[in-house]
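Report on the structure
Here's the letter readout for the chains.
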Amino acid sequence: MRVLRLSRFAAAVLLAASIAACGGSNGADVPNASTVREAATRLDTLVPQWMERTGVPGVAVSVVHGDRTVYAKGFGLRRVDGSEAVDADTVFQLASVSKSLAATVMATQMSQQVRPCVDWDTSIQRLLPSFALAYPEAQDNARLSLGDLFAHRSGLPDHAGDQLEDLGYPRGDILERLRHVALNPYGSYAYTNFGLTAAGEALALARGTDWATLSAQALYQPLGMAHASSRYADFATQANRAWGHVQVGLSYDSYGAQPARYAVQQPPRRPDAQSPAGGASASAADMARWMALVLAQGQYLGRQIVHPAALQAAMTARPGGAYGYGFNVGPDPHGHPSVSHSGAFLLGAHTAFILWPQAGLGITVLTNAQPRGLAEAIALAFGEQAWGDAADGAPSTDWLAAMQAKMHEMYRPLGRLAGQPAPATPAPAQPLARYVGHYASAYYGDAQVVLDASGMALDLVLGPAQTRYRLWHHDGDLFAFDLQGENAPPGSVSAVQFSRDGTGRMQIEYYAEDLAHGLFERVADDSGPFPAKQHQTSTRSL
């Protein structure tokens, strides 16, 4: 199955824009207070215009220059069916922008004064001895470092573990089960939320606390980030928060509608399992304080909060790549050195920041709708205005159209049967009762195939959340189900192949990132923990 996961792609969009750079700078060597002020003032017009084009309900923006917040403002609504306005203190889910905050938290702990002493080269097994991956050589586990995991160079494949989160597994179980994932070579790059989460969790445990508490004590509280948290429950209790939104009737073909119609995502995205990688929340005003800290090399109001060498290492690209430890690193489209990150939840969030350290300049853009390039477009348009790279104050390109086009492939349905017609004369299935039973995978855990209440259809039930899919017959012993959720764009379909040779196996196309490549073995005891009940989200039948 082709896998193009949303947050990985979104995190690379700013870098992709840089690769398509239009050459060197045409403007000033360094933005000055006047050009920054003018660029920020233009946001008052640009942001509402692009919100009207896209239909995105709410946006908040903050800009820092030097040690000052020069702009912090909200636009639109916290939820599309309400009247509460977004302001600079409205709290948004940050999605993968959390990674850069997490890297900053890690750097606060990399000082000789903090015990036990750690740095980016510290082995994760020194802090979390139980953590292991399926390396062919045992020494690879011994040398796997916190930095390897924050740089996405552990060998874990793209977004390993995200499917377990969707199935309801808690963080500890996911990290334990990663040992069953089929790996790429050690040191190769692939974007993974739970590799980075493992490093954050290990450090928090070494400090005798949990990740959310460590983040608050080490970063949010010292900076006065009054609304920031790495715990979903804190976000959910904020009165002034932005609700996540999804496009109504979204498909690959309808993506990019101008404007699109949005609805509040229910149930909301709850990213606690991957808190270091995607579970932070903050306001634009909070993010301005964090940007000021990073631009000042870890100092805030004269106090050194973050170890400067550790922070600089995080913002330095690893050899042969364009990613440091939780930061994208590379030139902006006009060639100016920058660090950045984007964040995206298919279930309702899209965020981005760009920092230009040499200029002491940064912008954060927070939105409350699934990704379509708006956050990056606003940041890039501001940047070229501040640097004087746009002639006569007009954007050098339609950044919204450009970024929207770059994200289109995120919405292409997954699965070899997606969009394919059923066979004209399919081979018949066996009697449905022969497929019913309890199946198991070392990585994905228990699966149950059950008859629905009518006895005329099969349901597949997986994981602690008892995620339930209606199976529909395709051909012979090949069934399929419609996918929905954070990691599957609308229209995605997974094949399920049952064995006919008496081995009692089932192979699931979508759930196949493990060493067994999606193979579930039938368990003799078929009693199973999952009751049969009617599928609630799909109406396709056998």
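Placed above this text is the structure.
Because the structure is a prediction, the values reported are computed rather than measured.

Reading the values: the criteria
In this numbering scheme, every chain counts its residues from 1 along its sequence in written order. It should be noted that, the model being predicted, local features are given only for residues of pLDDT at least 70 and side-chain atom pairs only at 80 or more, the latter also being counted only at that level, while totals for whole chains, interfaces and linings use all residues. The basis for every side-chain value is the complete set of heavy atoms in the structure, and neither hydrogens nor water enter the calculation. Under the DSSP-based scheme used, a helix requires at least four consecutive residues in state H or I and a strand at least two consecutive residues in state E, with every element numbered from the N terminus. Each radius of gyration is computed over the set of C-alpha atoms, and the globule rule expresses the reference value as 2.2 Å times the number of residues to the power 0.38. Each residue's exposure class comes from its accessible area (1.4 Å probe, protein chains only) as a fraction of the maximum for that residue type: buried when under 20%, exposed when over 50%, partly exposed otherwise. Throughout, a contact is declared for two residues whenever any of their heavy atoms are within 4.5 Å. Using the Shrake-Rupley algorithm and a 1.4 Å probe, accessible areas are obtained, with residue cover drawn only from the displayed protein chains. Residues counted as positive are Lys and Arg, residues counted as negative are Asp and Glu, and His and the chain ends are not counted. Every charge is mapped to an atom, namely NZ of Lys, CZ of Arg, CG of Asp or CD of Glu. We treat two strands as partners when DSSP finds at least two bridges between them. Where helices are involved, their axes are fitted lines through C-alpha atoms of the stretch in contact, as for all axes, and angles between N-to-C directions lie from 0 to 180°. We call two directions roughly parallel when the angle between them is under 35 degrees, roughly antiparallel when it is over 145, roughly perpendicular when it lies between 65 and 115, and oblique otherwise. Throughout, a crossing is termed right-handed when the near helix is turned clockwise from the far one, and left-handed when it is turned anticlockwise from it by less than a right angle. Residues are grouped as follows: nonpolar covers Ala, Val, Leu, Ile, Met, Phe, Trp, Tyr, Cys and Pro; charged covers Asp, Glu, Lys and Arg; every other residue, Gly included, is treated as polar. Salt bridges are defined by distance alone: a side-chain nitrogen of Lys or Arg within 4 Å of a carboxyl oxygen of Asp or Glu. For Phe, Tyr and Trp, rings pair up if their centres lie within 6.5 Å, where Trp contributes its six-membered ring, and each pair is then called stacked (planes under 30 degrees apart), edge-to-face (over 60) or tilted (otherwise). For a Lys NZ or an Arg CZ to count as sitting over a ring, it must be within 6 Å of the ring centre and within 35 degrees of the ring normal.

**Brief notes about the overall build of the chain**
- Scanning the chain from terminus to terminus reveals 16 helices and 20 strands.
- Computed over the C-alpha atoms, the radius of gyration of the chain is 24 Å, within 12% of the 24 Å expected from 2.2 N^0.38 for a compact globule of 542 residues.
- Expressed along its principal axes, the backbone C-alpha trace of the chain runs to roughly 75 × 55 × 45 Å.
- Buried positions account for 58% of the 542 residues belonging to the chain.
- Once local pairs closer than 6 in sequence are excluded, the contacts in the chain between residues at least 24 apart make up 68%.
- When the accessible area of the chain is evaluated, it comes to approximately 19900 Å², of which 51% is carbon and sulfur surface.
- Computed over 39 positive and 47 negative side-chain charges, the inter-centroid distance for the chain is 2 Å.

**Brief notes about the sheet that holds strand S18 (residues 493–498)**
- With respect to topology, eight strands assemble into a closed barrel ordered S13-S14-S15-S16-S17-S18-S19-S20, the strand pairing being antiparallel. Taken over all neighbouring pairs, the strand axes of this sheet differ in orientation by 30 degrees on average, direction set aside.
- Bridge analysis of strand S15 (residues 458–462) against strand S16 (residues 467–475) gives five bridges, and the strand direction is antiparallel. Its bridge partner lying in S16, Leu-458 is registered against Leu-471.

**As for the sheet that holds strand S12 (residues 361–367)**
- Strand order in the open sheet made by the six strands is S2-S1-S12-S11-S10-S9, with antiparallel pairing throughout. The open sheet is flanked by strand S2 (68–76) and strand S9 (328–331), the only strands paired with a single partner. Taken over all neighbouring pairs, the strand axes of this sheet differ in orientation by 15 degrees on average, direction set aside.
- In this sheet, strand S10 (residues 337–345) lies alongside S9 in antiparallel orientation, the contact comprising four bridges. Each residue of the ladder has a partner; that of Pro-331, found in S10, is Pro-337.
- The strands touched by helix H13 (residues 284–295) within the sheet are strand S1 (58–65), S2, strand S11 (349–356) and S12, with S1 carrying the most contacts at an inclination of about 30 degrees.
- Against the sheet, helix H15 (residues 374–387) makes contact with S1, S10, S11 and S12, and its axis sits at roughly 20 degrees relative to S11, the strand it touches most.

**Some words on the packing of helix H2 (residues 33–54) against helix H16 (residues 399–406)**
- In the contact formed by H2 and H16, the axes pass within 11 Å of each other and the chain directions differ by 45 degrees. Comparing the axis directions of H2 and H16 gives the class oblique. Crossing angle aside, the handedness with which H2 passes H16 is right-handed. The residues of H16 that touch H2, namely those facing Trp-50, Arg-53 and Thr-54, are Trp-399, Leu-400 and Ala-401.
- For the contact of H2 with H16, the residue count by class is four nonpolar, one polar and one charged.

**So, the pattern of salt bridges**
- Taken as a whole, this structure holds 16 salt bridges when the rule is applied.
- One salt bridge connects Asp-44 with Lys-73, and the closest N-O pair in it is separated by 3.2 Å. With a gap of 29 residues between them, Asp-44 in helix H2 and Lys-73 in strand S2 connect regions that are remote in the sequence.
- With relative accessibility at 33%, the residue Asp-44 sits in the partly exposed group.
- Among the salt bridges present, the one from Arg-231 reaches Asp-234, with a minimum N-O distance of 3.2 Å.

**With respect to the packing of aromatic side chains**
- Inspection of the entire model under this criterion finds 20 aromatic pairs.
- Centre to centre, the rings of Tyr-255 and Tyr-411 are 4.8 Å apart; their planes meet at 25 degrees, and the pair counts as stacked. Note that Tyr-255 is positioned in the loop between strand S4 (245–247) and strand S5 (262–264) and Tyr-411 in the loop between H16 and strand S13 (437–441), a separation of 156 residues in sequence. When sorted by exposure, Tyr-255 lands in the same class as Tyr-411, which is buried.
- Through pairs of rings, three or more aromatic residues link up here, namely Tyr-443, Tyr-444, Tyr-469, Phe-481, Tyr-510, Tyr-511 and Phe-520.
- For Arg-143, the ring lying beneath its charged end belongs to Tyr-186, and the centroid distance is 3.9 Å.
- A cation over an aromatic ring shows up here: Arg-269 above the ring of Phe-345, its NZ or CZ 4.6 Å from the ring centre.

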